[in-house]
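Structural overview
Each chain, written out:
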Amino acid sequence: MATPRQRTIKSRASLAGHPLHPVMIHFPVAALMALVASDIGFLLSGDPFWARAGVWLAGVGAFGGWIASTAGIIDLVTVARIRRLITGWSHAIVAVVMLSLASLNWLLRVNDPSAILPWGLGISLVTAALIALVGWLGGQLVYEHAVGVEVED
């Protein structure tokens, strides 16, 4: 049986020992989840406020997600023990698909904020489902494989 110290996988993209990727994902995730609510607000009310808010939420979610993903990619490509994990690759691949959809969603809206229906809302819902899957896989990396966790002896 491995000791806790042997199971620990340190993050290379860290600041003072704290992994950056899990810190950086909160705002993009919140923005993309709020985008679903914004889209539904527009669907139910027709108020252009929700369409304008959706452009900003989609942009913050997509661009913030790509920025946060750089820290995750650094860990994936520089830490051999992470590269050997199917969960790590699954997390990365699903995240790229999710961020690609989020970027497409922003592109659909940026010139015409009211172009939410039908594709914008549909992409927002699929993106939210993929966020749940990516989050679950990220949790597996932390809680089952101790990626970025420093365990005291």
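All of the points below concern the structure found in this document. Predicted model only: the values in this text are computed from it and were never measured.

Cut-off values and rules
The numbering scheme is per chain: residues are counted from 1 as the chain's sequence reads. This being a predicted model, a pLDDT of at least 70 is required before a residue's local features are given, and a value of 80 or more before pairs of side-chain atoms are given or counted; all residues contribute to the totals for chains, interfaces and linings. Based on all heavy atoms of the structure, the side-chain values leave hydrogens and waters out of the count. Under this scheme, a helix contributes an axis fitted over its contacting stretch, all axes are lines through C-alpha atoms, and angles between N-to-C directions fall in the 0 to 180 degree range. Helix and strand assignments follow DSSP, with helices taken as H or I runs no shorter than four residues and strands as E runs no shorter than two, numbered in order from the N terminus. Here a crossing is called left-handed whenever its near helix is offset anticlockwise from the far helix by less than a right angle, and right-handed whenever the offset is clockwise. Here a residue-residue contact requires only that any non-hydrogen atoms of the pair lie within 4.5 Å. When residues are grouped by polarity, Ala, Val, Leu, Ile, Met, Phe, Trp, Tyr, Cys and Pro land in nonpolar, Asp, Glu, Lys and Arg in charged, and all others, Gly among them, in polar. Geometry of aromatic contacts follows a simple scheme: Phe, Tyr and Trp rings, the Trp one being its six-membered ring, pair when their centres are within 6.5 Å, and the pair is stacked under 30 degrees between planes, edge-to-face over 60, tilted otherwise. Buried residues are those whose accessible area, probed at 1.4 Å on protein chains only, stays under 20% of the maximum for their type, while exposed residues exceed 50% and partly exposed ones sit between those limits.

1. Here's the deal with the packing of helix α3 (residues 26-45) against helix α7 (residues 119-143)
The N-to-C vectors of α3 and α7 enclose an angle of 145°; their axes lie 9 Å apart at closest approach. When the axes of α3 and α7 are compared, the crossing they make is left-handed. Between α3 and α7, the contacting residues are Val29, Leu32, Met33, Leu35, Val36, Asp39, Ile40 and Leu43 on the first element and Gly120, Leu121, Ser124, Leu125, Thr127, Ala128 and Ile131 on the second. Across the contact of α3 with α7, the residue classes break down as eleven nonpolar, three polar and one charged.

2. What about the packing of aromatic side chains?
Within the structure shown, the criterion is met by two aromatic pairs. With centroids separated by 4.9 Å and ring planes inclined at 75°, the aromatic side chains of Phe49 and Trp50 adopt a geometry described as edge-to-face. On the accessibility criterion, Trp50 (32% relative accessible area) is partly exposed. When the centroid spacing of 5.1 Å and the interplanar angle of 75° are considered together, the rings of Phe63 and Trp106 count as edge-to-face. Taken together, the positions of Phe63 in helix α4 (residues 48-78) and Trp106 in helix α6 (residues 86-110) put the pair 43 residues apart, joining distant regions of the chain. Overall, Phe63 belongs to the partly exposed group, its relative accessible area being 46%.

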